[in-house]
Amino acid sequence: MRVSVLGLGYVGCVSAACLAGRGHEVIGVDVNQAKVDLVNDGRAPVVEERIGDLVAEGVRTGALRATGDVREAVMSSDVSLVCVGTPSEPNGSLCTTYLERVTEQIGAALVERRARGGRHTVVFRSTMLPGTCLNLLVPILEKYVGGTAGVDFGVAVNPEFLREGTSVRDFFDPPKTVIGELDPASGDVVAALYDGLPGQVFRVQIPTAEAIKYADNAFHGLKVGFANELGAVCQALGVDSHQVMDVFLADRKLNISPAYLRPGFAFGGSCLPKDLRSLVYAAQRADVSVPILAHVLPSNSDHLQRAVELVERTGKRRAGLFGLSFKPGTDDLRESPLVELAERLFGKGYDLRIYDANVNLSRLLGANREYIETRLPHLAQLLADSVEEVLDHAEVCLVGTRDPAVLAALPRTDGPVLIDLVHLPDAEERRAEPEYVGLAW
């Protein structure tokens with residue numbers, strides 16, 4: 001394919017050189033003439049393993065060249081990869097100045113490019129927040145081109161997952177390839193660029209592709225911060241932190257796994273909240289700052305409050321709650337977030353009914369009974385005997401369980417407002433219904 005790569009920083013230079021190495025005809029574009037001259041001289045403008053050899057080989061074979069002229073590059077290619085920087089503004093917001101500028105230049109060039117016939121596809125590889133492409137960049141292109149994206153020209157988002165120092169290796173052996181496509185034809189063009197590379201290919205909506213890069217990097221930062229904070233606490237307590245983490249990492253069932261990484265409701269139970277409090281307290285006693293660990297429980301509480309606010313926004317006063325124990329298949333109510341939710345709603349004066357097939361007040365014993373008598377002493381008058389009793393009562397229902405009996409009885413239309421706390425199996429189908437509200441989806 002004939003490809004123009006706009007921006008010859010780390011991402012652009014590596015993308016251009018690697019695409020040329022895969023047999024594509026590549027034109028690199030940059031406003032910095034020194035970078036353009038270096039590439040045309042067969043030298044890489046960035047320091048990176050293997051990049052020098054790839055650039056030299058691409059220039060030698062004629063597969064790679066560079067220019068400072070956006071129009072020339074767009075006119076000579078079928079697909080444009082936008083790899084310009086999106087730095088932070090002083091207030092932390094994303095700077096889209098370079099994105100907007102190059103998009104305007106591409107749009108102006110596409111007017112002439114369209115007249116020659118053939119569809120050009122613009123692929124944004126720069127990291128940008130969800131909504132940037134569709135709400136900011138596509139309108140710019142359509143204004144300049146005088147046409148419709150997805151019809152007169154293609155648009156896609158293709159986030160990169162290249163680590164400086166190993167970026168060439170990452171390009172040829174990616175963890176995944178993500179293609180945010182405006183239309184299938186646009187996605188096909190991007191998929192063809194990477195045809196034959198290993199790793200799973202995900203073709204998704206454009207905002208999803210934009211968000212994935214942020215999900216990755218936020219989690220990477222969180223992991224580093226978590227390990228460092230835990231290491232500092234271990235050191236203060238005289239424990240070998242690397243030995244602790246060796247054992248921690250050996251657990252592939254819960255620790256290094258998809259476990260706990262699906263958006264849902266708040267966590268609770270007799271272990272997690274208690275142990276987090278103890279660890280944070282121990283850190284404070286040792287004069288060790290642990291801002292990530294110290295904010296896990298407040299974050300959890302804020303997520304629970306989102307559910308309360310969703311109920312408040314409905315304006316309804318008769319509420320139902322399905323589920324009460326802290327996890328399915330148990331009657332353990334200790335530090336259950338659903339108990340906390342019921343307590344907050346009841347305290348705000350909601351006329352509440354609750355159904356949980358596993359919770360029978362007469363069978364609660366010991367610390368479990370003591371906890372519920374302290375936190376929700378009115379539970380007996382709130383518990384319903386059946387799913388139908390809750391549905392008949394409620395104007396708004398919070399679904400905090402995947403109990404098959406509950407799922408089977410939930411109405412699809414003309415019922416109470418459903419606030420989904422567990423991502424119901426048919427959540428994607430229900431999303432378009434006015435009576436359905438997802439907690440974080």
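Residues numbered from 1 in each chain as written. Predicted model: local features only at pLDDT ≥ 70, side-chain atom pairs only at ≥ 80, totals over all residues. Heavy atoms only, no water.

A.B. asks: For this particular structure, what's the right way to read the pairing of strand β12 (residues 417-420)?
C.D. replies: For a regular strand, the rule is simple: side chains alternate between the two faces of the sheet. Of the two faces of β12, both are covered, the one formed by Val 417 and Ile 419 as well as the one formed by Leu 418 and Asp 420. Across 4 bridges, strand β11 (residues 396-399) lies against β12 in parallel orientation. Following the sheet pairing, Val 399 is matched in β12 by Asp 420. Considered for its hand, the β-α-β crossover made up of β11, helix α18 (residues 404-409) and β12 is right-handed. (Buried < 20%, exposed > 50% of the residue type's maximum accessible area, 1.4 Å probe, protein only. Helix = DSSP H or I, 4+ residues; strand = E, 2+ residues; numbered from the N terminus. Pairing = 2+ DSSP bridges. Right-handed = clockwise from strand over helix to strand, strands pointing away.)

A.B. asks: I tried to follow the side chain of Ser 77 on my own but got confused; where do I start?
C.D. replies: Residue placement: Ser 77 occurs in the loop between α4 (70-75) and β4 (79-82). On the basis of relative accessibility, which here comes to 0%, the residue Ser 77 falls in the buried class. Only 2.8 Å separates the side chain of Ser 77 from the backbone oxygen of Ala 73, close enough to count as a polar contact. In this structure Ser 77 touches Arg 2, Val 3, Ser 4, Arg 113 and His 120, once residues within four positions along its chain are discounted. (Polar contact = N/O pair within 3.5 Å; in protein donor to acceptor, adjacent residues only side chain to side chain. Contact = heavy atoms within 4.5 Å.)

A.B. asks: Would you mind showing me how to read unusual backbone geometry here?
C.D. replies: Residues apart from glycine generally show negative phi values, whereas peptide bonds are mostly found in trans. One non-glycine residue, Arg 50, lies in positive phi territory at about 75 degrees. Examined against the element boundaries, Arg 50 turns out to sit in the loop between α2 (33-40) and α3 (51-61). A positive phi is found at Glu 335, a non-glycine position, where the angle reads about 55 degrees. By secondary structure assignment, the location of Glu 335 is in the loop between β9 (318-322) and α14 (337-347). Looking at Glu 335, the relative accessible area reads 25%, which means it is partly exposed.

A.B. asks: I'm lost on the nonpolar core in this one. Help?
C.D. replies: Where a protein is soluble and globular, its nonpolar side chains tend to be buried together. In terms of nonpolar packing, the biggest core is built from 48 residues, with Leu 321, Phe 322, Leu 324, Leu 341, Ile 354, Leu 398 and Leu 421 touching the most fellow members. Each residue touching Leu 341, except ones within four places of it in the same chain, is listed here: Phe 265, Leu 304, Ala 307, Val 308, Leu 321, Leu 398 and Leu 421. Residues Ala 66, Val 123, Ile 179 and Leu 193 belong to the second largest nonpolar core, which totals 33 residues. (Core = buried A, V, L, I, M, F, W, Y, C linked by side-chain atoms within 4.5 Å.)

A.B. asks: How do you make sense of α14 when you look at a structure like this?
C.D. replies: Within α14, burial applies to Pro 337, Leu 338, Val 339, Leu 341, Ala 342, Arg 344 and Leu 345. Where α14 begins, one side-chain oxygen reaches toward the backbone nitrogen of Leu 338, 3.2 Å away; that side chain belongs to Ser 336. Positive backbone phi, at 90 degrees, marks Gly 349, one or two positions downstream of α14.

A.B. asks: Help me understand the pattern of salt bridges, please; the structure alone is not making it clear to me.
C.D. replies: Note that side chains of opposite charge can pair when their charged atoms are close. Evaluated as defined, the whole model comprises 26 salt bridges. The partner of Arg 318 in a salt bridge is Glu 395, with the nearest N and O atoms 3.9 Å apart. Taken as a pair, Arg 318 in strand β9 and Glu 395 in the loop between α17 (387-393) and β11 lie far apart in primary sequence, 77 residues in all. Notably, a salt bridge pairs Glu 340 with Arg 344, separated by 2.8 Å at the nearest N-O pair. Highlighted residues: Glu 340 and Arg 344, both in helix α14, separated by 4 residues, approximately one helical turn. Among the charged side chains, a salt-bridge network with shared partners connects Arg 412, Asp 426, Glu 429, Arg 430 and Glu 433. (Salt bridge = Lys/Arg side-chain N within 4 Å of Asp/Glu carboxyl O.)

Distances and angles like these do not, on their own, reveal function.
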